[in-house]
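Structural overview for review
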2 protein chains.
Amino acid sequence: MKNRVNRELPAALMAQMNLAPFTSSEIGNPEIKRVAPKVAVTTGTNKVAESLAKVIKETLKDGMTISFHHHFRNGDFAFNEVMDQIIAMGYQNLTLAPSSLTGIMNDKVIEAIKKGVITNITSSGMRGSLGEFVSRGGLKNPVIFRSHGNRARSIEEGEIKIDVAFLGVPVSDPAGNANGQDGEAVFGSLGYALIDAQYADKVVLLTDNIVDYPNTPASIKQTQVDYVVKVAKIGDSDQIGSGATRFTKDPKELKIAEMVNQVIVNSPYYQQGFSFQTGSGGAALAVTRYLRQSMLKDGLTASFALGGITKPTTDLLEEGLVKKIMDVQDFDKGAALSMAKNSGQQEIDASWYADPHNKGAVVNNLDIAILSALQIDTDFNVNVMTGSDGVIRGAIGGHQDAASAKLTIITAPLVRGRNATVVPAVETVVTPGSSIDVLVTERGIAVNPNRQDLLEVFSQVPDLNLVDIKELQKMAEEQVGVPQPLEYTNRTVALIQYRDGTIIDQIKQVKD
Amino acid sequence: MKNRVNRELPAALMAQMNLAPFTSSEIGNPEIKRVAPKVAVTTGTNKVAESLAKVIKETLKDGMTISFHHHFRNGDFAFNEVMDQIIAMGYQNLTLAPSSLTGIMNDKVIEAIKKGVITNITSSGMRGSLGEFVSRGGLKNPVIFRSHGNRARSIEEGEIKIDVAFLGVPVSDPAGNANGQDGEAVFGSLGYALIDAQYADKVVLLTDNIVDYPNTPASIKQTQVDYVVKVAKIGDSDQIGSGATRFTKDPKELKIAEMVNQVIVNSPYYQQGFSFQTGSGGAALAVTRYLRQSMLKDGLTASFALGGITKPTTDLLEEGLVKKIMDVQDFDKGAALSMAKNSGQQEIDASWYADPHNKGAVVNNLDIAILSALQIDTDFNVNVMTGSDGVIRGAIGGHQDAASAKLTIITAPLVRGRNATVVPAVETVVTPGSSIDVLVTERGIAVNPNRQDLLEVFSQVPDLNLVDIKELQKMAEEQVGVPQPLEYTNRTVALIQYRDGTIIDQIKQVKD
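As annotated in an unreviewed UniProt entry, chain A is Citrate lyase alpha chain from Lactobacillus xylocopicola.

Written out as structure tokens, the structure reads:
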């Protein structure tokens, strides 16, 4: 079976899992029946538990689905503390359904898989040792990768049924009113975790900071919480996004950023009240800086910035250049701290951010998205999941979701080391080319041929270095040559869902 | 069939409606399966509708359940505008399920009933001409009266399934991000309406003020909204609670208020970080004033005030005497305006406020509630629904809910005109005596015998005029005599639910 982006899919496996192939990036107008959790009624004035072990014993059974959020990123102390207990208590056959997995969790996940504690995983992504482990066949059942919007959709429609959510927070009261904005271990928006809190049957908060009732603002509400567990230290804010706020000095990144800004300001979407999502990483931050200069020069302000928020974006809010920030996640401590003091920085949950089966997510209102790529092919399909060696080392994040923008720009260097970024066919399709509009590399700007309107506009601009994407692919090939095709076994180690739940690609086990 | 408060109930009718008799004010620990709405997927960037009539045509069918909120109180222009259209379009057999019905809606409801448009009603209450009309048999099917917390419970459990919610708001953007805090027609908290927005299959916002996307804070979110309808004028903030902020000069009310304050400050709950709910009305506002003086004198501050909020309470917040306000509804424009500027005034939905089938509502954390009564009997059962003539002229509101407080105080004058307030048996039991602790009248303070602990404490206080409630009842009888028993037909015109959905009493048709 091949799908519409020409990917061979495992038909038998998909039939068994009741999964359909990807057909279109258009969502249409289905009617969706939502699901709802079971509620164990309690007066709930004091939910502070005796011990984590007791809570796990009272809530968890073999075969259940457990969830975590990744807002602490590499400063997360909650995941390992919970998994240590679960492993020690000998649970088996759990499904792990976090919003994503960060490096600090890798060793523990691998240990849990090896001991049969975890037998299924769905995540936005995985990197490092865990990606290697799964790519080499370490997990029996295929991982399902979902974007942040798709995870919200899957939970809201019942495809992921969370039995117990373990959610680390920097502050809670004894009844479970909690947020991500106060305390030592702030991370700002609780966007992904809000879905778990709303839909899980059992919600367990972990915190090192229990304050007097009532704690407000309450992003997670007492009505959603079953237990509050006190821990010694829940996380380290400085590890949310180490270095993310430093501007790049890499001349190639700076050049790409400047070119991206040229694309933006010459597009029809750059007008008073426009909106954008940038993300983190050197080039993205540099784009924000160039864009700021253009906005000041042109006397324009943005109606909102979306994301994935960094301090340079909250600076624009404070400067009045951005009117609102719609904030599903903070990528650095500066952005996290900003939420408590700037009322224009609105916390949004993952459904509001990007669930495609919704009455309207914020991404649908987005004008401009700047996204990255590990690879992009001549059909504009993007891979943000596997490296040039075919090994899992990435995350969908909001990539498929933000590509709903009216102008979706991919930024990438033409080559990375000895590997081409622009290729004839990506190893793994994550975001379909039909939702990508422009590719910016240091060697030129390629516009998707399905956007003749943009091509026409941009061809009027003298300084834009427009190039056919096939030309960029050839330039890359000239630089690094044609690589040997990768060798895989026949076994599927992961399935990539598109944001509507259809399968856009599979990842096979790499051959050693 | 008689229930635990000794009320004769219509067994056949209740069997047919699948309703059980009231047994206890203890809620226990049931496990509840929540329900969820259907979602019609749309990109939803612009939901501004051509006309209200078109929206009604696209969403409404005969026999459906429609809902409204009553946050505008008598300044509501949304209800009549929608009902006018629905009546004109000839719909039949609708169930009307608003959070409550205010006087400004009465004529329209009666017209709709007479024309067969509305055949079922559930509400917190009704007054004036509509109460008379229903009490005299004007509606074929019995009204079901529910407290605010019970309405949330009923919606969350699927006992009330709202097909279309029509929600007036003072501000929205074209995608449906709305709040009650900005615009000309502010009413503050959207507490009751938030439940409709979350659970109704179709959500229609009406507003006179459509602002640029994205509108924040978004109490109602774009993910919940199907249509936004522009109207000429949505409401009048000055009519939310006319006169509610004026302090009473009635010496009897002042005396009762002072006695209530004596009960509070001599109770074991009056300590640093205590919490309270007062409500509106002359005596309640005067209590707030006396309590303020005591708190200043004793150097105490409250952790939170709950309700039903008035300006005197938001003044306490600004003064630092109250740390947080948990706000499900604002009773005057001053309190409504305060929400936008005071971050400590937390908007809470009706479930968070008081759904008894919850993981913990705020009322469960409440120390002291001051509530009113039309009648109270010698078993401390309270009637806030029918007058001394047996006619419907009240509302449960949060009465049953707030009576969960550790110290629930009923304030009432001993008699009103020629009618006793303290009676051998109330006409209609709304709140069971088992959840009432103290009655304060100008002639004395009665403590519920099931609170021997309080009796012991209060009997040590020299100036508290403690009286047995049977004595108060006799004093009242001496003043106004024994009234003729009221005459009713055998027909049930309304059922009163307790907050868990059981039936605590019925209201029969009055004889002309």
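Turning our attention to the relation of the copies chain A and chain B. Two copies of one chain are present, and they are related through a rotation about an axis combined with an axial shift. You can overlay chain A on chain B at an RMSD of 0.0 Å; the transform is a turn of 180° with a shift of 0.0 Å along its axis. Look at the turn and shift together and you get a two-fold axis relating the two. Every residue of chain A has its C-alpha some distance from the rotation axis, and the shortest such distance is that of A:Ala36, at 2.8 Å.

Time to look at the interface of chain A and chain B. Put simply, an interface is often sized by how much accessible area is lost when its parts join up. Every contact between the two is made by 56 residues of chain A and, on the other side, 56 residues of chain B. Both sides together, the interface formed by chain A and chain B hides about 4,500 Å², and carbon and sulfur atoms give 53% of it. Linking chain A with chain B are two salt bridges, by the criterion used here. Where chain A packs against chain B, one counts 32 residue pairs in polar contact (both at pLDDT 80 or more). Sorting the residues of the side of chain A that touches chain B by element identifies strand S1 (31–33), strand S2 (38–40), strand S11 (202–207), strand S14 (302–309), strand S15 (322–330) and helix H12 (350–354) of chain A as the ones contributing at least two each. Its residues placed into classes, the side of chain A that touches chain B shows 22 nonpolar, 21 polar and 13 charged. Note that S1(A) and strand S2 (residues 38–40) of chain B share three bridges and pair antiparallel. The residue bridging A:Glu31 from the neighbouring strand is B:Ala40, located in S2(B).

The next subject is the packing of helix H10 (residues 311–319) of chain A against helix H11 (residues 333–341) of chain A. Residue and element names in this part refer to chain A. Where H10 contacts H11, the two axes come as close as 8 Å, and the packing angle between them is 30°. Viewed along their axes, H10 and H11 adopt a mutual orientation that is roughly parallel. The handedness of the crossing between H10 and H11 comes out as left-handed. Across the interface between the two elements, Lys311, Thr314 and Glu318 of H10 pack against Gly334, Ala335, Ser338 and Lys341 of H11. Of the residues contributing to the contact of H10 with H11, the split by class is one nonpolar, three polar and three charged.

Turning our eyes to something else, we now look at the pattern of salt bridges. Enumeration over the complete set of coordinates arrives at 56 salt bridges over all chains. A:Lys311 is the salt-bridge partner of A:Asp315, the closest N and O atoms lying 3.1 Å from each other. Placement of the pair is A:Asp315 and A:Lys311 together in helix H10, with a separation of four residues, close to one helical turn. The exposure class of A:Asp315 is partly exposed, given its relative accessible area of 32%. When the shortest N-O distance is used, the salt bridge between B:Asp389 and B:Arg393 registers 2.6 Å. The exposure class assigned to B:Asp389 is partly exposed, which follows from its relative accessible area of 32%.

Here we come to the side chain of B:Ser100. Residue and element names in this part refer to chain B. Along the chain, Ser100 turns up in the loop between strand S4 (94–96) and helix H4 (106–114). Under the relative-accessibility criterion, Ser100 is labelled buried at 4%. Within the structure, Ser100 has its side chain in polar contact with the backbone nitrogen of Gly125 (distance 3.5 Å). With near-sequence residues (within four places) excluded, Ser100 lies in contact with His70, Met105, Ser123, Ser124, Gly125 and Ala395.

Residue and element names in this part refer to chain B. Read across the sheet, eight strands follow the order S16-S15-S14-S13-S17-S21-S25-S26 without closing on themselves; strand pairing throughout is mixed. Every interior strand has two partners, whereas the edge strands, strand S16 (345–347) and strand S26 (444–447), have only one. Pairs of neighbouring strands in the sheet enclose a mean axial angle of 20°, with direction left out of account. Direction of pairing for strand S15 (residues 322–330) relative to S16: parallel, over a ladder of three bridges. Across the sheet, residue Ile325 finds its bridge partner in S16, namely Gln345. With respect to the sheet, helix H8 (residues 251–265) is in contact with strand S17 (368–372), strand S21 (407–411), strand S25 (438–441) and S26, its orientation differing from that of S25 by roughly 150°.

A few words now on the packing of helix H2 (residues 52–59) of chain B against helix H3 (residues 78–88) of chain B. Residues and elements named next belong to chain B. Where H2 contacts H3, the two axes come as close as 10 Å, and the packing angle between them is 65°. The chirality of how H2 crosses H3 is right-handed. Along its contact with H2, which presents Leu52, Ala53 and Ile56, the element H3 presents Glu81, Val82, Gln85 and Ile86. Class assignment of the residues belonging to the contact of H2 with H3 gives a composition of five nonpolar, one polar and one charged.

Turning next to the sheet that holds strand S5 (residues 118–123) of chain B. Residue and element names in this part refer to chain B. In space, the nine strands of this open sheet follow the order S12-S11-S8-S3-S4-S5-S7-S27-S28, with mixed pairing throughout. The sheet terminates laterally at strand S12 (227–230) and strand S28 (503–510), the two strands that pair on one side only. Here the average twist between neighbouring strands, direction ignored, is 25°. As paired strands, strand S27 (residues 488–497) and S28 are joined by six bridges and run antiparallel to one another. When the bridges of S28 are listed, Ile496 appears paired with Asp505. Contacts between helix H5 (residues 128–135) and the sheet are confined to strand S7 (143–145), S27 and S28, with S28 contributing the most and set at about 85° to the helix.

Each value, and the rule that gives it
- Residues numbered from 1 in each chain as written.
- Chains lettered and ligands numbered in written order.
- Predicted model: local features only at pLDDT ≥ 70, side-chain atom pairs only at ≥ 80, totals over all residues.
- Heavy atoms only, no water.
- Least-squares fit on C-alpha atoms with pLDDT ≥ 70 in both.
- Contact = heavy atoms within 4.5 Å.
- Buried area = accessible area lost by both parts, 1.4 Å probe.
- Salt bridge = Lys/Arg side-chain N within 4 Å of Asp/Glu carboxyl O.
- Polar contact = N/O pair within 3.5 Å; in protein donor to acceptor, adjacent residues only side chain to side chain.
- Helix = DSSP H or I, 4+ residues; strand = E, 2+ residues; numbered from the N terminus.
- Nonpolar A, V, L, I, M, F, W, Y, C, P; charged D, E, K, R; others polar.
- Pairing = 2+ DSSP bridges.
- Axes fitted to C-alpha atoms, helices over the stretch in contact; angles between N-to-C directions.
- Parallel < 35°, antiparallel > 145°, perpendicular 65-115°, else oblique.
- Left-handed = near helix turned anticlockwise from the far one by under 90°.
- Buried < 20%, exposed > 50% of the residue type's maximum accessible area, 1.4 Å probe, protein only.

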